[in-house]
Structure formats: structure tokens, C-alpha cells
Amino acid sequence: MDLAVVENSRSWGANAIGGFVPATLVSIHCISVASIIFAGPLSFARPSGISLVLLSMVILQVAVGLGTRFRIAIVFPSYIAAVVLAPVCMSIAKELSARSETLPVLPTVIATIGLSSVLSGVFLLVLSRLKQSRAIRFVPYPIIGGFLASAGWLLTKSGIAIMSDLPVRLDTLDSLMQFDVLLRVAPGVAFALTLIYLQSRTRHFLLLPILSIAGIAIAHAVVVATSVTLPEARESSWFMASYSAERGDLGPFFFASDIQWDVVSSHLLSLAPIAFITAIVVVMHSTALEVLLEDEADLDSELRAVGWGNVVIGMLGGVVGIESSGNTELAKQAGASNWRSSVFAAATLGLFLIFGHKLVPMLPTLVVGGLSLSIGIRFLKEWLYDAHKRLAPLDYWTIVVILITVAAMSFLSGMILGFLITSVLFVVRYSRLEVVKHSLSGAEKRSNVERPASEFELLKRYGSRIRVLELQGYIFFGTAHTVYEEVKRSQDTEKHGALDYLILDMRSVAGMDSSATTAFGKLKKVLEQKEGMLLFASLDAQIEQLLRQSHVIDADNQVFDDMDRGIEWCEERVLHEWDLNRDRQSSIEGQLACFLSPEQCEVFFDYLVRTEAVAGTELAKQGEDSDTMFFLAEGQVSVIGELVGGGTVRYRTFTQGTIIGELGLYTSRPRSASLRADESSLVFELRRVDFDRLRHNAPRVALALHEYVVTVLAKRMRRLDFEIRELLR
């Protein structure tokens, strides 16, 4: 037989098993979810509910198999959506019954369920369209924990309700404590605890199927051993109720004319948490699938596929579904490798949909309710017990408060309270953070402009008139006022002297709201009263627009591309009053006089090459051999680096009276950057060949040059060391 045919057959077989095994378990979960929603006054419609959930998962499985990167992903009915929907649907049933005993209940209930799925799907599509899928990951952790803990409590209640056939409330507590009820619940609790324990010990993909089959087999064995008939066991709620194929038909409920849309709309806000939580869960499972399948997810694509699937489901009145990382892991371990497993999974769910009236009554409530109970206990353990050890006290108690609110009131109330608490915690915690990352004076923090010694000394003396505040984090009124207080302190301290220029470096600022402009406006007025200026560097376009609209930035204010340019501008202003001295002290003669006598200067000039460069001229190019040192007599030259991805960056700027390229002359290594004249400049070049002649013909002059270069390098290193120590304070 052809090897390709054999391999293809094996692939079909492995994917058939990989789709069938997890889909079988999902079918049981569908029954559990339907039992949660269609309980109490809606128990009569549970057969239709089971068919509805199964149909929803068939549609979503096809959508995920065709529309996502993870073609073997298995879908799952949302338990969290179910526990949010259950009280809403029961409330609708009671409200309609109070209006009229003959008023149909099921159409309005299914319309509400469908609307929750449509809203969830649309929300996912909007997030996908706006490319905001990753924003979900920034939802505060305590809110997620509070929602999941609340879902755990509601799932625990629902699991007990399925097994006891009684709602879990304070007024039913006496009935729940009856011996026959406890006898029905105890096996399901044992099943749930056994499942949780074994899953903590092993990740084997057959664990849940084997345990579910064992639970079903034991229940049937007990029935046989006690000589109780299956109909009697179903009557006592040991097994799921039987129903005919006709009762499982869905019918055109969603489009029925007797849907009470006023009742549906009155519960619209109660459905909002479902859309929000669904988005969180989809992102969480997609992240888990990335690790499981060793492939990076396109979150927007995942949200889009699941979103469209839920919109279609909702139009048919179906229940919200999601991708399941746990069941996908089961599919992978069972042999799933491509889209074929999704086809088999959808087909398996379809078989349960068609033959559900024969299969469902064979399931014991200890398995159906036990699955819900196991998920609920696991959520409660993770977010009430384990979280106490790993979360900060305020975060942990936020989870507890959300859980209590949901248990006492509703999921919507818990969600609103959770956001209020985390908003307050955000403000409190941010108020404790240092918004000022570094606070440096111009005497401590210099621009990347290399200046002659005379100007260096002037800036050392008068640089305190310049102050740089590097800001970080998110800026609102409270943190902006901290900046104002920092400036006031620096002005009142003799160490810093008069403050003429304040630069706010916004490079590390994540964002700013409009309230911060009030504090910045106040700061600007305080500076202007003392003839100072408020300057900004590295401004985001939106923040700059906000500052201009509030007149914090106007024609008199300077905005710089980066902090270095801002400091350079301020230094030039400080040095401006010393211009007469600068020309004399920065000349080539003055520069050489730093290390040579007048006689030695005459000798040294014979070894220099005079070069006049117009603005834009490249004196040296990155990557070329280094064989020249430059003495900058007039003008300005910048060291420009070429970036790998294109573009350039300024490393340093040199003004008249400085030397450039001295390291290359000594090391002979290729130049790490280019030298470009920023304006018309006059330079004197000392080339290697002339340098070698100088050492041979005038060794004393060469030695003096060596000492001068070492002195310049030492000063530059000391300056860098000083700046680093200031930044590390």
C-alpha cells in the first residue's frame, strides 16, 4: 500500500479520536450548563435548553475550526455566562408568570439568552476591529479574581441544585439538610473532590473521561444492586430526567411573535457583565493556547472568530461559547493535529444534539452536577485560599468584597463595585509613586555638547539656573502637584539658587489627563513671576495638544524633541552673556595654549592641516579607518550614528575649542560614528602620518599632546561618572 495513503489514514484516525474524546466531555458540560440556566421555574424547558446549548457549540466549533489560527481548538459553553444568566432567566419567568399564567415564558427567556450572546459577540468584534484585544490584559487583577471567585460560588450553588433538585438559598436550607437530599448530593461532592485531587496530581488527558465513565458506571451499578428501576431513580433526581425527541425540539423561539421585548430590555444591564467577562476569558484561553500549541496567537483574529460565532449563536437564541485550553490539550494528547479534529468534534456534538433524548437520561446527576461543582470549588480555592498567600492584602480583600456583593446582590453590582474599588486603589497607589524619576540641575546634568574648559567652568558655576525633572508613569492632578511641590522645594533650597529654566522631560510618561494641566499651569505662573521659563521635552502628540489647549504651552514656551536638545538650548542662553570671552578663550591659539608654549605652538602648527567645512559636510564617515584627530577652531560639529533600521541619532556635539576623534588616532579602529558640520566650521586636522613625524621630530611637543589628550579624556570620564552617580541616587 502507498505510504502516503497509510499516513493519511492514520491522520484521519488520530484526528477522529482527537475530536471525539473532548467533544464527548463538552457534550456533558453542555447538559450541565443547560441544567444551570433552565432550573427552578424553567425546569420544564430543560430538554430544549440542552438542545440549544449543544446547537450553540456545534456552530461555534465550526466557526473556530475555520476562522482561527488554532484549528484544533475545542469550544466550550461558558459556565460564567450560565451563572449570570440563570438568575436573570428565573426573574423573567417569575415576572411573566405574575403578568399572566397563560403568557409563554420560553420565547422571552431564549431571546434574552440569545441577546447576551449577540452582545458578547459584538463586543469581541469591536475589540478586534479597534485592535484593542491586548487592552483586556490590563484589566486589574483583583477584578478578574473577584469575577472568577463569584463564578465559583455560583457554580458551586448550581452544582448542588442540579443534584438536590432544590435551589440553594437560606429559605431552602432546612430542605437541603434532609437526609435523602444529602444522600443525593454526597456522591457528587465526592466525585468533584476526587476530580480536583487527581487533576492536581496528574495532567493525563484520559483522567476526566475515565472518571466520568466510572461515575456513570457506578451510578448504574448501584441502581442494579438496589433493584431500583431507572424511571424511579430519575423520579428521585438520581438521574437526569427523560424526555421525548419532540420536547428537545427548539422551534423558532427567538423570532416568535410573543417575545416580551419590554421584559428583555429591562434586564439588558444585567447582561453587560457577560460580554466583559467573555472577552477576558477568551484572551486568557488564547494565551494558554499559545503555550500549549507552541504558536503565537493573533488575538484580534481569535476575538473575531469567536465573536462572529457568538453573533450567529445569539441570532438562534444560543448560549455564549468560548475556546477551551483544557479541552484543546485533551484533543492534542488524543491525537488532534489539524482542522479535521474540529470537524469530528462538531460532528460528535451534532450526534448528541440529535440523539440527546436517548443519551441524557442515562447520565447520573452526580456527574452532571459534579462537573459544575468541581469547577466552582476550583475557582473558590484558587481565588479565596491560594490568592490569600500571593496577593497584597488590599487586592485580596477586593476579591472578597466583590464575591460578597455578587452573592448578596448581582453580578452587575459586583462588577461596578469592583471597578470603583480598583479605581480608588489606583489613585492611592499612584499617589505613593515617585512621579519624578530624576531631579538634576544643569550643573549636574549636561547636554551632549562638548565645550571648551572655559565654558565648562562657567556652566559648572551657573548651571544651577537650569533644572531637569525626568517624569514617569501616568500624570493626573495628584502626581502633577507633586512636580509643583518638587520645584517649590528646589527654589527654596540655597543649593540650587535662582531657577531660570525648568525642563520637564516626558519621555517616560505613559499618559496624562486634563486635570494635570491645572497643576502645570500653576507651576508656569510661579516660574514666570521670577522670570523663569517652563520647558517641555519628549512630548507625546496627544499630551502636547492637551497642554496647548489649556495654554500651558504657548508662543513663549519652547518644546524640544528630547531632553538633550532642551538642555543645550538652556546652556546657550546661560552662556550668551559671556560671548565676548568665549570667542577669545575658544580660539585655536587659546586651545593650543592649554598644553603648549608659544614656541611649541609655532612648531605644532606645521603639522596641522587647515580645513574649512560648510554646514552638512562630513569630516569623517562611520566605518572608515580612523587616522585623524580634529581641533575645532570655529563652528560646531556633531557625532552622528547610523541606526541599523535606518535613520540617525546624535551622540554628541562639539563646539569651538574642543578636540574630536582622538581615540581613533590612537587605536586605529574603524570609526563608530560620522562627524558632520552643523554650521560653517574651521577645523585643524592632525593626521596619523603627521602625528608620526611629530613624535620623531618634536618628541616634547608630542608628549605635551599626549598629556593634553589624557587630561581631556579624564575630564570626560569624570563627567560621565558624575552623571551616572547622580542618576543612581
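Residues numbered from 1 in each chain as written. Predicted model: local features only at pLDDT ≥ 70, side-chain atom pairs only at ≥ 80, totals over all residues. Heavy atoms only, no water.

### Remarks on unusual backbone geometry
Even without a glycine there, the phi angle at Ser-237 is positive, about 70°. With respect to the helices, strands and loops of the structure, Ser-237 is situated in the loop between helix H9 (230-235) and helix H10 (261-266). Judged by its relative accessible area of 11%, Ser-237 is buried. Of note, the phi angle at His-551 is positive, near 65°, even though the residue is not glycine. Here His-551 shows up in the loop between helix H21 (541-549) and strand E8 (559-560). For His-551, a relative accessible area of 58% puts it in the exposed group. (Helix = DSSP H or I, 4+ residues; strand = E, 2+ residues; numbered from the N terminus. Buried < 20%, exposed > 50% of the residue type's maximum accessible area, 1.4 Å probe, protein only.)

### Thoughts on the pairing of strand E3 (residues 436-441)
When you tally the buried positions in E3, you get 5 out of 6 residues, the bulk of the element. Sheet analysis places E3 next to strand E5 (residues 466-475), joined by 5 bridges and oriented antiparallel. When the bridges of E5 are listed, Ser-439 appears paired with Leu-469. (Pairing = 2+ DSSP bridges.)

### Regarding the confidence of the model for the chain
When pLDDT is averaged along the chain, the result is 82; 90% of the residues meet or exceed 70. Here residues 251-255 is modelled with pLDDT under 50, and outside its nearest four sequence neighbours on either side it reaches 15 contacts, counting other chains as well. (pLDDT = per-residue confidence, 0-100. Contact = heavy atoms within 4.5 Å.)

### Looking at the layout of surface pockets
For the largest pocket, the calculated volume is near 1,400 Å³. In terms of lining residues, the largest pocket is bounded by 42 residues, among which Arg-203, His-285, Ser-325, Gly-326 and Arg-378 are the most central. For the lining of the largest pocket, the leading source of residues is helix H15 (residues 365-390), giving 9 residues. Here the lining of the largest pocket is composed, by residue class, of 23 nonpolar, 13 polar and 6 charged. Estimates place the volume of the second largest pocket at around 1,000 Å³. (1 Å grid on protein atoms, 1.4 Å probe; cavity = no way out; pocket = protein on both sides within 12 Å on 5 of 7 lines; lining within 4 Å. Points joined across faces, edges and corners; volume = space filled by probe spheres on them. Nonpolar A, V, L, I, M, F, W, Y, C, P; charged D, E, K, R; others polar.)

### Notes on the environment of Gly-641
If you trace the backbone, Gly-641 turns up in strand E12 (residues 636-642). Each C-alpha atom of the pair Gly-641 and Ala-519 lies 39 Å from the other, and the pair is 122 residues apart in sequence. Ignoring any residue separated from it by four or fewer positions in sequence, one finds Gly-641 in contact with Gln-622, Gly-647, Thr-648, Val-649, Tyr-651 and Ala-673.

### A short note on a nonpolar patch on the surface
Taken together, the side chains of Leu-351, Ile-354, Phe-355 and Leu-359 define a hydrophobic patch exposed on the protein surface, amounting to about 370 Å² of accessible area. With respect to the helices and strands, the residue Leu-359 is situated in helix H14 (residues 339-359). (Patch = residues over 30% accessible without salt bridge, like charges linked within 9 Å, V, L, I, M, F, W, Y side chains within 5 Å. Areas by Shrake-Rupley, 256 points an atom, 1.4 Å probe, with all protein chains shown as cover. Salt bridge = Lys/Arg side-chain N within 4 Å of Asp/Glu carboxyl O.)

### Here we look at the nonpolar core
Counting 112 residues, the largest nonpolar core has Ile-36, Ile-37, Phe-38, Tyr-79, Val-109, Ile-113 and Phe-147 as its most contacted members. The greatest single-element share of this core, amounting to 13 residues, is contributed by helix H3 (residues 79-99). When near neighbours in sequence (up to four residues on either side) are disregarded, Ile-36 contacts Tyr-79, Ala-82, Val-83, Ala-86, Leu-155, Ser-158, Ile-162 and Ser-372. Counting 28 residues, the second-largest nonpolar core is a separate cluster that includes Val-436, Leu-469, Phe-536 and Val-552. (Core = buried A, V, L, I, M, F, W, Y, C linked by side-chain atoms within 4.5 Å.)

### Some thoughts on the sheet that holds strand E16 (residues 681-687)
Here we have 4 strands laid out as an open sheet, ordered E9-E16-E11-E14, and antiparallel in their pairing. Each edge of the open sheet carries a strand with a single partner, namely strand E9 (609-613) and strand E14 (658-660). Direction aside, the axes of adjacent strands within the sheet are offset by 30° on average. Here strand E11 (residues 628-634) pairs with E14 via 3 bridges, running antiparallel. Across the sheet, Phe-631 pairs through a bridge with Ile-659, a residue of E14. Helix-sheet contacts for helix H27 (residues 688-697) involve E9 and E16, and the interaxial angle to E16 is about 60°. (Axes fitted to C-alpha atoms, helices over the stretch in contact; angles between N-to-C directions.)

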